[in-house]
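Architecture and fold: a report
What follows is each chain in one-letter form.
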Amino acid sequence: MKIILHIGLGKTGTSSIQETLQNNINKLKENGILYLGIMFENAPIKLFPWQRRGGTTEFYATDRPEDQLLDLIRRISSEVDSKKFQTVVISNEWFSGSDYEFKRNEPVANAFLKLQSEGHDITVVAYIRDSVSWAISAYQQWGIKHKTTLAEIQSFREYTTSRPPRFSETLAFWGKHTSQLKIHNYHSVGDVTQHFLRHYCNSSKIETINSNIQPESSELFLRACINRATGNNREVSPREFEDIFSRLDSSANRNGFAEWYNNLLPTNDDIKYLHSLIESDVLQINRMLEENLEPSLSLPDNQQALSKLKSLDLREVIDYLVNRLLALSKSNLELREKIRKHKK
């Protein structure tokens, strides 16, 4: 069985690839491609509770993840009609991770190494982007939008110091566990989803579904305020709304919300500091890209790196809130009309 294992990396269009594959699963089947999903949720057989979107953490917590993965893929191989489906695809960015977290994937990599020794044709696919733009995007995603730290919300420098964007060890790790590791330069392939579809799914007539688009600065600001108030990453119910803003500490009130938020974002000095953290890692990655006949990554200068970030304009926040209120009002009116008609 031919297996395509797409490991991300995160922030390289992975969500768009996954959403496009999921929403075109039947078209892919017509081309002989079986998309198994992120955690094998689309597999023709269900053996384990972690076979669902969002089941990755549950998978890592099992006692025998390597054995379970091997058992599942072997069963899939025996049940899938090889004449009908020439290729199966899995896409999960958790199977890569940066250099401080990739060792969690030893059971996964060992399982695929054993499958390769059993005659399965396995290709591991990774897209890599320059570490500066990756770090800025990752901070907006996991530092603010979905705050993953348990402590107070961190500034860009604090976040990147604790999670330096290094990936060469991760890529080298997968290179040792498969004979076919394909590394692509995110910046040179154009539409990443279309590149993946053409090269690994034999499909060029499927439209890209853009997913996980970064929010505007006004929305990020509001998310940052809420995350600062709640203290950790958890669901905030509507009844907590008043409490959220009353708990913002005195330093934010004294300095002003806009100034506090703008001070979280990366500065020229932060980008220079980030360069010092990633210089050797980028050299290693570029050697790997050269081996894959891909162009080298070039790091943007400070002005380029910061060009996509805007300081917060509170007028934008007001516009954003007004638009959200109008949208909610419209939904409320539509819902009331549906209830009225239903009562009739």
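Anything mentioned here points back to the structure above.
Cut-offs and rules
- Residues numbered from 1 in each chain as written.
- Predicted model: local features only at pLDDT ≥ 70, side-chain atom pairs only at ≥ 80, totals over all residues.
- Heavy atoms only, no water.
- Helix = DSSP H or I, 4+ residues; strand = E, 2+ residues; numbered from the N terminus.
- Buried < 20%, exposed > 50% of the residue type's maximum accessible area, 1.4 Å probe, protein only.
- Contact = heavy atoms within 4.5 Å.
- Pairing = 2+ DSSP bridges.
- Expected span 1.5 Å × (residues − 1).
- Axes fitted to C-alpha atoms, helices over the stretch in contact; angles between N-to-C directions.
- Parallel < 35°, antiparallel > 145°, perpendicular 65-115°, else oblique.
- Left-handed = near helix turned anticlockwise from the far one by under 90°.
- Nonpolar A, V, L, I, M, F, W, Y, C, P; charged D, E, K, R; others polar.
- Salt bridge = Lys/Arg side-chain N within 4 Å of Asp/Glu carboxyl O.
- Core = buried A, V, L, I, M, F, W, Y, C linked by side-chain atoms within 4.5 Å.

Turning next to the overall build of the protein. A count of helices and strands for the protein gives 16 helices and five strands. Residues counted as buried form 49% of the 344 residues belonging to the protein. Intrachain contacts of the protein at a sequence separation of at least 6 include 77% that bridge at least 24 residues.

When you tally the buried positions in strand β5 (residues 181-185), you get four out of five residues, the bulk of the element. In the sheet, strand β4 (residues 121-128) pairs with β5 via five bridges, with the strands oriented parallel. In the sheet register, Val-125 faces β5, and the bridge partner there is Lys-182.

This next bit is on helix α4 (residues 65-79). A rise of 1.5 Å per residue sets the reference length of α4, with its 15 residues, at 21 Å; its end C-alpha atoms lie 21 Å apart and thus fit the reference within 8%. Those residues of α4 that fall on the buried side of the exposure criterion are Pro-65, Glu-66, Gln-68, Leu-69, Leu-70, Leu-72, Ile-73 and Ile-76.

Right, let's get into the environment of Asn-202. Within the secondary structure, Asn-202 is located in the loop between α9 (192-200) and α10 (217-230). Looking at Asn-202, the relative accessible area reads 60%, which means it is exposed. In this structure the C-alpha to C-alpha distance between Asn-202 and Leu-28, which are 174 residues apart in sequence, comes to 8.6 Å. Excluding anything up to four places from it in sequence, Asn-202 contacts Asn-31 and Leu-197.

The subject of this paragraph is the packing of helix α6 (residues 131-145) against helix α14 (residues 268-291). Relative orientation of the contacting elements α6 and α14 amounts to 120 degrees, with a least axis distance of 10 Å. Comparing the axis directions of α6 and α14 gives the class oblique. For the element pair α6 and α14, the recorded crossing hand is right-handed. Of the residues in α14, those touching α6 at Ser-131, Val-132, Ala-135 and Ile-136 are Ile-271, Leu-274, His-275, Ile-278 and Val-282. Broken down by class, the residue content of the contact of α6 with α14 amounts to seven nonpolar, two polar and no charged.

The omega torsion of the bond from Gly-8 to Leu-9 falls at 5 degrees, within 30 degrees of zero and hence cis. Along the chain, Leu-9 turns up in the loop between β1 (2-6) and α1 (14-23). Its identity is not glycine, yet Asn-202 carries a phi of approximately 50 degrees, on the positive side. For Leu-293, which is not glycine, the phi torsion reads 60 degrees and is therefore positive. Here Leu-293 lies in the loop between α14 and α15 (302-306).

Once that is clear, we can look at the pairing of strand β2 (residues 33-37). A regular strand places its side chains so that they alternate between the two faces of the sheet. β2 sits mainly inside the fold: five of its five residues count as buried. Bridge count between β2 and strand β3 (residues 87-91): four bridges; the pairing is parallel. The residue of β3 that forms the bridge with Tyr-35 is Val-89.

What follows covers the pattern of salt bridges. What the rule picks out here adds up to seven salt bridges. We note a salt bridge from Arg-52 to Glu-58, for which the minimum N-O separation is 2.9 Å. A residue is classified by how much of its surface remains accessible, and Arg-52, at 38% relative accessible area, is partly exposed. For Arg-64, the salt bridge identified is with Asp-67, shortest N-O distance 3.5 Å. On the basis of relative accessibility, which here comes to 46%, the residue Arg-64 falls in the partly exposed class.

This part is about the nonpolar core. Counting 93 residues, the largest nonpolar core has Phe-40, Phe-112, Trp-174, Phe-196 and Tyr-261 as the members making the most contacts within it. Among the elements that line this core, the one with the most residues is α14, at eight residues. When sequence neighbours within four positions are dropped, the list of residues in contact with Trp-174 reads Leu-5, Ile-7, Phe-95, Ser-96, Val-108, Ala-109, Val-124 and Leu-181.

Before going further, it helps to spend a moment on helix α8 (residues 168-176). Among the residues of α8, Ser-168, Thr-170, Leu-171, Phe-173 and Trp-174 are the ones counted as buried. Buried residues belonging to α8 abut β1, α5 (106-117), β4, β5 and α14.

What follows concerns the sheet that holds β1. Taken together, five strands build an open sheet; the order of strands is β2-β3-β1-β4-β5 and the sheet is parallel. Both outer strands of the open sheet, β2 and β5, are each paired with one neighbouring strand and no more. Strand-to-strand, the axes of this sheet are offset by a mean angle of 20 degrees, without reference to chain direction. Packed on one face of the sheet, α14 meets β4 and β5 and runs near 110 degrees to β5.

Turning to the environment of Leu-113, a few remarks are in order. Inspection of the secondary structure assignment puts Leu-113 in helix α5. In this structure the C-alpha to C-alpha distance between Leu-113 and His-177, which are 64 residues apart in sequence, comes to 5.6 Å.

Shape descriptors only; they carry no functional weight alone.
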